[in-house]
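One-letter residues, chain by chain:
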Amino acid sequence: MIFFTPMMSILAIYVLAAVLPAFFLLRYIYRQDTIEKEPGYLLWQLLLCGVASAFASIILESLGSAVLNNTVDPSDPKYYIIMAFLVVAVVEEGTKLFFLKRRSWRDPNFNYMFDGIVYAVFVSLGFAAFENIKYVFSYGLSVAVPRALLAIPGHMGFAVFMGIFYGRAKHASYRGDSFHEKTNLLAGYLSAVFLHGFYDACCMIGSKESTAIFVGFVVLMYIVVFRLIKKASWEDRPI
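Residues numbered from 1 in each chain as written. Predicted model: local features only at pLDDT ≥ 70, side-chain atom pairs only at ≥ 80, totals over all residues. Heavy atoms only, no water.

Participant: I'd love a proper account of the layout of surface pockets, names of residues and values included.
Facilitator: Approximately 550 Å³ is the volume attributed to the largest pocket. Along the wall of the largest pocket there are 25 residues; nearest its centre are Glu 92, Glu 131, Tyr 135, Arg 147 and Asp 200. Elements supplying a minimum of two residues to the lining of the largest pocket: α2 (40-71), α3 (78-104), α4 (113-139), α5 (144-149), α6 (151-174) and α7 (178-205). Counted by class, the lining of the largest pocket contains 15 nonpolar, 4 polar and 6 charged residues. In this model, the second largest pocket occupies a volume close to 410 Å³. Every residue lining the second largest pocket is counted, 18 residues in all, and those nearest its centre are Phe 23, Leu 26, Trp 44, Leu 47 and Phe 122. At the level of secondary structure, the elements contributing two or more residues to the lining of the second largest pocket comprise α1 (6-32), α2 and α4. (1 Å grid on protein atoms, 1.4 Å probe; cavity = no way out; pocket = protein on both sides within 12 Å on 5 of 7 lines; lining within 4 Å. Points joined across faces, edges and corners; volume = space filled by probe spheres on them. Helix = DSSP H or I, 4+ residues; strand = E, 2+ residues; numbered from the N terminus. Nonpolar A, V, L, I, M, F, W, Y, C, P; charged D, E, K, R; others polar.)

Participant: Tell me about the pattern of salt bridges, and name the residues and values.
Facilitator: This model, assessed by the stated rule, comprises 6 salt bridges. Between Asp 76 and Lys 78 there is a salt bridge, with its nearest N and O atoms 2.8 Å apart. Here Glu 93 and Lys 96 are joined by a salt bridge, their closest N and O atoms 3.0 Å apart. Residue Glu 93 and its partner Lys 96 are both found in helix α3; the two are separated by 3 residues, about one turn of the helix. What makes Glu 93 buried here is its relative accessible area of 1%. (Salt bridge = Lys/Arg side-chain N within 4 Å of Asp/Glu carboxyl O. Buried < 20%, exposed > 50% of the residue type's maximum accessible area, 1.4 Å probe, protein only.)

See below:
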């Protein structure tokens, strides 16, 4: 019999506060995949790919930050824009795409267009859940609610754009169209980088103006993302 000590109970609360928002969004995406559900083992492996991409991002972002700090004065207004776009967004969306493609591109289960969204979101929310655990344990439960409302859905939003183009790239690959395969992969990556970079830049700048822009951006992105999910689910077709 396992007895939970007060410390174990506190740890459990912290972990649940960190991962539950990601769980609910994963469940939502899974339910939107109405034609053919993906196997559980594949989805778990994609979540672990997200965790792997988080570890890789920590290393690469440390290197990128070191280079940036030696080349741009942190008091320079463009410092945060470069950090947001060229360090954080480029690295994090790049590692996500790397592990996403490595695990799912040749998998025989990747046979419907909506699968691209499912796979991209599972990798991204695996990343976000790990990152959220790190933040909650570092800064306490006070960050759990704002991150549940902003950061976790934000990562899903970036992934939805990447996943739409990822599915199109797979469709082009199946038809032997290497040009549109590559351009769709690039479009998926760049759209996720732009959204992620813009999101982080507004947060990092922290002025009244950037905060107002951030709120409007997040609301608009959520509306667009959930409409895209519904549309992609409704129009899903074989690759």
